[in-house]
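Per-entry structural report
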Amino acid sequence: DPCVLQRYVMAVLYFEMGGDSWYSCTRAVEDVSNSNSTLTSVSTCVDSSKRYLSSANECEWFGLTCNDIEKITHIRLDENNL
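Keep in mind it's a predicted model, so treat the numbers as computed, not measured.

Re the side chain of Ser 24
Here Ser 24 shows up in the loop between helix H1 (2–16) and strand S1 (29–31). Overall, Ser 24 belongs to the buried group, its relative accessible area being 17%. In this structure Ser 24 touches Ser 43, Thr 44, Phe 62 and Asn 80, once residues within four positions along its chain are discounted.

What about the pairing of strand S4 (residues 72–75)?
By the bridge criterion, 3 bridges tie strand S3 (residues 64–66) to S4 in an arrangement that is antiparallel. Paired with Thr 65 across the bridge in S4 is His 74. The turn joining S3 and S4, which pair antiparallel and follow one another in sequence, is formed by 5 residues; a positive phi near 60° is taken by Glu 70.

What to know about the pattern of salt bridges
This model, assessed by the stated rule, comprises 3 salt bridges. A salt bridge links Arg 27 to Asp 20, with the shortest nitrogen-to-oxygen separation between them at 2.8 Å. Given the relative accessible area of 36%, Asp 20 is considered partly exposed. The closest approach of N and O atoms between Asp 78 and Arg 76, which form a salt bridge, is 3.0 Å.

Some remarks on the packing of aromatic side chains
The full count for this structure, using the stated rule, is 5 aromatic pairs. Ring geometry for Tyr 14 versus Trp 22: centroids 5.1 Å apart, planes at 70°, classification edge-to-face. For Tyr 14, a relative accessible area of 0% translates into the label buried. Taking the centre distance of 5.2 Å and the plane angle of 45° together, the rings of Tyr 52 and Trp 61 count as tilted. The buried category is assigned to Tyr 52, whose relative accessible area is 0%. Each residue in the set Tyr 14, Phe 15, Trp 22, Tyr 52 and Trp 61 is aromatic and connected to the rest through ring pairs, giving one cluster.

Quick notes on the nonpolar core
Judged by nonpolar contacts, Met 10, Tyr 14, Trp 22, Tyr 52, Trp 61, Leu 64 and Leu 77 together constitute the single largest core of 7 residues. Aside from chain neighbours lying at most four places away, what touches Leu 64 is Met 10, Tyr 52, Glu 58, Cys 59, Ile 72, His 74 and Ile 75.

Points about the environment of Cys 66
Mapping Cys 66 onto the fold places it in strand S3. Here Cys 66 falls in the partly exposed class, since its relative accessible area comes to 22%. When near neighbours in sequence (up to four residues on either side) are disregarded, Cys 66 contacts Cys 59, Lys 71, Ile 72 and Thr 73.

A look at H1
Because an α-helix completes one turn every 3.6 residues, residues spaced three or four positions apart along the sequence face the same direction. When the terminal C-alpha atoms of H1 are compared, their 21 Å separation across 15 residues agrees well with the 21 Å that a helix rising 1.5 Å per residue should span. Within the span of H1, buried status applies to Gln 6, Met 10, Ala 11 and Tyr 14. The buried side chains of H1 occupy one side of the element, clustering within an arc of 135° when seen end-on. Turned more than 90 degrees away from the buried face of H1, the exposed residues are Pro 2, Val 4, Leu 5, Tyr 8 and Glu 16. Buried residues along H1 sit in contact with S3 and S4.

Scoring rules and cut-offs
Residues numbered from 1 in each chain as written. Predicted model: local features only at pLDDT ≥ 70, side-chain atom pairs only at ≥ 80, totals over all residues. Heavy atoms only, no water. Helix = DSSP H or I, 4+ residues; strand = E, 2+ residues; numbered from the N terminus. Buried < 20%, exposed > 50% of the residue type's maximum accessible area, 1.4 Å probe, protein only. Contact = heavy atoms within 4.5 Å. Pairing = 2+ DSSP bridges. Salt bridge = Lys/Arg side-chain N within 4 Å of Asp/Glu carboxyl O. Phe/Tyr/Trp six-rings, centres within 6.5 Å; stacked < 30°, edge-to-face > 60°. Core = buried A, V, L, I, M, F, W, Y, C linked by side-chain atoms within 4.5 Å. Expected span 1.5 Å × (residues − 1). Arc of directions from axis to C-beta.

In structure tokens:
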């Protein structure tokens, strides 16, 4: 499935480019420091579906633009601590 490959490539890009240190829409990570395990992130993101590695289609993720058939056509991550 081409969408699986595209999602995989974007996940690799996220980790290789230090995605957890980005200013916007980093992945949500589980906070297990208390008895109520919750998902948290240090970056801001207006819409949780825009977070990298979320369950949303990768075309929804921050900085990505896709065409009508959900293929990534542009990646724009400037000013995001890369």
